[in-house]
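Chain and residue survey
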Amino acid sequence: MESGVITRFAPSPTGYLHIGGARTALFNFLYARHTGGKFLLRIEDTDLKRSTKEAVDAILEGLEWLGLYWDEEPISQISRRQRHVALVKKLIEESKAYYCYCSPEELAEMRDLAKAEGKSKFYDGRWRDRDPANSPSGVKPVIRLKSPLDGETTVSDLIQGDVSVSNDEMDDMILFRADGSPTYMLAVVVDDHDMNISHVIRGDDHLTNTFRQLQIYKAFGWDHPTFAHMPLLHGLDGTKLSKRHGALGLAEYRKMGLLPEAMNNYLLRQAWAHGDDEIISLEQAIEWFDIKDVGRSPSNFDFSKLISLNSHYLREADDGHLVTLIKPILIENLHGKLDNRAFDRIKSGMSGLKERAKNIDELAKNAEFYACRRPITLSDKALKALDASGKSHLNNLQIELGSIENWSGLSLNDAIVKYAKKKDIKLGVIAQPLRAALTGNTVSPGIFEILAVLGKEQSLARINDVLT
RNA sequence: GACCCCUUCGUCUAGUCAGGUCUAGGACUCCAGAUUUUCAUUCUGGCAACAGGGGUUCAAAUCCCCUAGGGGUCACCA
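This write-up is about the structure you can find in this document. (Residues numbered from 1 in each chain as written. Chains lettered and ligands numbered in written order. Predicted model: local features only at pLDDT ≥ 70, side-chain atom pairs only at ≥ 80, totals over all residues. Heavy atoms only, no water.)

1. Points about the overall build of chain A
- Assigned secondary structure in chain A consists of 19 helices and twelve strands.
- Its C-alpha atoms give chain A a radius of gyration of 32 Å, clearly above 23 Å, the size a compact globule of 468 residues would have.
- Seen along its three principal axes, the alpha-carbon backbone of chain A occupies a region of about 105 × 45 × 40 Å.
- Out of the 468 residues in chain A, the part that is buried amounts to 49%.
- The contacts in chain A between residues at least 6 apart in sequence include a share of 76% that link residues at least 24 apart.
- Placing the 60 positive and 66 negative side-chain charges of chain A at their respective mean positions leaves the two points 5 Å apart. (Helix = DSSP H or I, 4+ residues; strand = E, 2+ residues; numbered from the N terminus. Rg over C-alpha atoms; globule rule 2.2 N^0.38 Å. Buried < 20%, exposed > 50% of the residue type's maximum accessible area, 1.4 Å probe, protein only. Contact = heavy atoms within 4.5 Å. Lys, Arg positive; Asp, Glu negative; His and termini not counted. Charge placed at Lys NZ, Arg CZ, Asp CG, Glu CD.)

Printed below as a string of structure tokens:
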């Protein structure tokens, strides 16, 4: 299916990939897949001072983690320098752009004046029609666009609708810096055009930039892509998302033990909805996603909802996959105390483990008792459960269990229930000491499941450990 | 400050385009109860919102205007 839709995600590699960026990528990815189009990647690395290789890697890693695969080799904006230079020269030749020799002092003056007059545009266009022959010596000029002086510019935005601004609100923007590098405004327009981007989906912090970009498209005589500006993600207090809100890089969430499925699902539901549907897989999202269903109001980041989604996906996840995810954590936490049957046990006990965990770290923590070599360490609470009466029950039970031939959850259940009946005690009276002996803790999956997973020999040995 | 955008439970949202079916629905959180060997899960129930004010209309969460609050942009950053 060829739809002609080409979207792009164009991060600047000046830091980690944050969740706002991840959502922008997600929406671009979804729209491209939904329409059978392409999803491209462009690294906006024109700011040499702040761009790093590490940041590029972090961004690519983050996208891969989320499963947001892009279609072609990522494009580095800096590699397109020649093209930018050639095009801006063309604008100069056509007198659609001009050299401006203003000093920083002059600019500061103009800025102050604009501030005093309460205007948002400050550059007065003083070099717009001046002959460069009159330029002061030794000053490297910038190149500015000759913006239209009157009329208005309208963005027909797929999310925001028609938004217009009067052209006299905008001054002549800089296209090329004095050091000969293109500004974002110029580069983004040229690259989106050259990459045949059909839909620019980005945060609405770019909405007002769009008016300026539209002027550049016009100067080149190019058709412009369709724009869709999505509302920003805010912190829980309603202000812009920042490090203060614990809204860290994607990698941090990954480290916290979150699943990419949960992250995608959470991000998807910020400013987008499909009726009352809450649990939506990436496949389902591809089928349902449309820009027209994206809302216009910003949303506040809510960690507890993310967590609840995460527990959901954890319960749904494949047991073997979860084992591979917690393996490195267990190996690190347990050092040499790892039993050689550890991961077999965890795999078979996974169904009981995963419904009790909210994230990968917790899952690993809860799985430790399966992974540990005897004798296991007992928590204070476990010690308390192993009082005299608890131990005497365990002593009796040791014998009962020892005689069981068919060691399965069912037969163990029968045997222990029978024992409780015989002694006229509640199941909890014997279950808690047993749990303490087997897991070293007072909280765990079901006791029969644990016995079955541990196996007869290991179970009896652990019971014996606390009795001697 | 100027320009632009936004405003439904604490949070994410449905409903707004095509006004009546909305005494406003779902989810998360929280509270209560049930199930249970612990914890968790699950289940049942509950609290909780149309920012405010004017209009238009037989009828407004939905259309119009004003006010307030919030956000974004205004770099030789992207």
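2. What to know about the protein's contact with RNA strand B
- If you check the shell around RNA strand B, you find 66 residues, and the closest are Ser120, Arg177, Ala271, Arg356 and Ser444.
- A distance of 3.3 Å is found between a base oxygen of RNA strand B and a backbone nitrogen or oxygen belonging to glycine 446.
- When contributions to the surface near RNA strand B are tallied by element, the ones reaching two or more residues are α4 (104-117), β7 (161-166), α5 (184-194), α6 (207-220), β12 (299-300), α10 (303-316), α17 (427-439) and α18 (447-454).
- Looking at the surface near RNA strand B element by element, the count peaks at five residues for α17.
- Partitioned by chemical class, the residues of the surface near RNA strand B number 21 nonpolar, 25 polar and 20 charged. (Near = heavy atom within 4 Å. Polar contact = N/O pair within 3.5 Å; in protein donor to acceptor, adjacent residues only side chain to side chain. Nonpolar A, V, L, I, M, F, W, Y, C, P; charged D, E, K, R; others polar.)

3. Some remarks on the layout of surface pockets
- Roughly 370 Å³ of volume is contained in the second largest pocket.
- In terms of lining residues, the second largest pocket is bounded by 18 residues, among which Lys365, Glu368, Phe369, Thr439 and Asn441 are the most central.
- Looking at the lining of the second largest pocket element by element, the count peaks at four residues for helix α13 (residues 360-371).
- For the lining of the second largest pocket, the per-class residue count stands at eight nonpolar, seven polar and three charged. (1 Å grid on protein atoms, 1.4 Å probe; cavity = no way out; pocket = protein on both sides within 12 Å on 5 of 7 lines; lining within 4 Å. Points joined across faces, edges and corners; volume = space filled by probe spheres on them.)

4. Some details on α17
- Between its first and last C-alpha, α17 extends 17 Å over 13 residues, near the 18 Å set by a 1.5 Å rise per residue.
- Along α17, the positions that sit buried rather than exposed are Ile430, Ala431, Pro433, Leu434, Arg435, Ala436, Ala437, Leu438 and Thr439.
- Summarising the contacts, the buried residues of α17 are in contact with α13, α14 (380-385), α15 (388-402), α16 (409-423), α18 and α19 (456-467). (Expected span 1.5 Å × (residues − 1).)

5. Some thoughts on the sheet that holds strand β8 (residues 174-176)
- Taken together, the three strands give an open sheet; going across it, the order is β4-β5-β8, and neighbouring strands pair in antiparallel fashion. Two strands bound the open sheet, and with one partner strand each, they are β4 (97-100) and β8. Strand-to-strand twist in this sheet, taken as the mean axis angle between neighbours without regard to direction, amounts to 45°.
- Bridge count between β4 and strand β5 (residues 142-145): four bridges; the pairing is antiparallel. When the bridges of β5 are listed, tyrosine 98 appears paired with arginine 144.
- Docked against the sheet, helix α3 (residues 81-93) engages β4, β5 and β8, running at close to 125° with respect to β8. (Pairing = 2+ DSSP bridges. Axes fitted to C-alpha atoms, helices over the stretch in contact; angles between N-to-C directions.)

6. Describing the packing of aromatic side chains
- What the rule picks out here adds up to nine aromatic pairs.
- Counting every residue linked through ring pairs, the aromatic cluster contains Tyr253, Tyr266, Phe301 and Phe303.
- Over the ring of phenylalanine 27 we find arginine 23, and its NZ or CZ is 5.4 Å from the ring centre.
- Above the ring of tryptophan 127, the side-chain terminus of arginine 130 is found at 4.0 Å from the ring centroid. (Phe/Tyr/Trp six-rings, centres within 6.5 Å; stacked < 30°, edge-to-face > 60°. Lys NZ or Arg CZ within 6 Å of the ring centre and 35° of its normal.)

7. Side note on the state of the cysteines
- What the rule picks out here adds up to zero disulfides.
- Of the cysteine sulfurs around cysteine 100, a residue in no disulfide, the closest is that of cysteine 102, at 3.7 Å.
- Given the relative accessible area of 3%, cysteine 100 is considered buried. (Disulfide = S-S within 2.5 Å.)

8. With respect to the nonpolar core
- Grouped together as the largest cluster of nonpolar side chains are 95 residues, with contacts concentrated most on Leu63, Met263, Phe289, Ile326, Ile346, Leu401 and Leu434.
- Considering each element in turn, this core owes the most residues, nine residues, to helix α1 (residues 19-35).
- If near-sequence neighbours (up to four positions away) are discounted, isoleucine 326 is found in contact with Ile346, Met350, Ile360, Leu363, Ala364 and Ala367. (Core = buried A, V, L, I, M, F, W, Y, C linked by side-chain atoms within 4.5 Å.)

9. Concerning the pairing of strand β2 (residues 38-43)
- For β2, the buried fraction is high: five of the six residues fall into the buried class.
- Sheet analysis places strand β1 (residues 6-9) next to β2, joined by four bridges and oriented parallel. Bridged to threonine 7 within β2 is phenylalanine 39.
- Since β1 and β2 lie parallel, the crossover through α1 that links them has a hand, and here it is right-handed.
- With two bridges connecting them, β2 and strand β3 (residues 75-76) associate as parallel partners. Each bridged residue has a counterpart across the sheet, and for arginine 42 the counterpart in β3 is isoleucine 75.
- Remark: the β2/helix α2 (residues 53-66)/β3 crossover connection has right-handed handedness. (Right-handed = clockwise from strand over helix to strand, strands pointing away.)

10. A few points about the packing of α1 against helix α8 (residues 260-268)
- Running from N to C, α1 and α8 point in directions that differ by 85°, and their axes come no closer than 10 Å. One finds that α1 runs roughly perpendicular with respect to α8. The residues of α8 that touch α1, namely those facing Ile19, Ala22, Arg23, Leu26, Phe27 and Leu30, are Met263, Asn264, Leu267 and Leu268.
- Each residue belonging to the contact of α1 with α8 can be placed in one class, and the counts come to eight nonpolar, one polar and one charged. (Parallel < 35°, antiparallel > 145°, perpendicular 65-115°, else oblique.)

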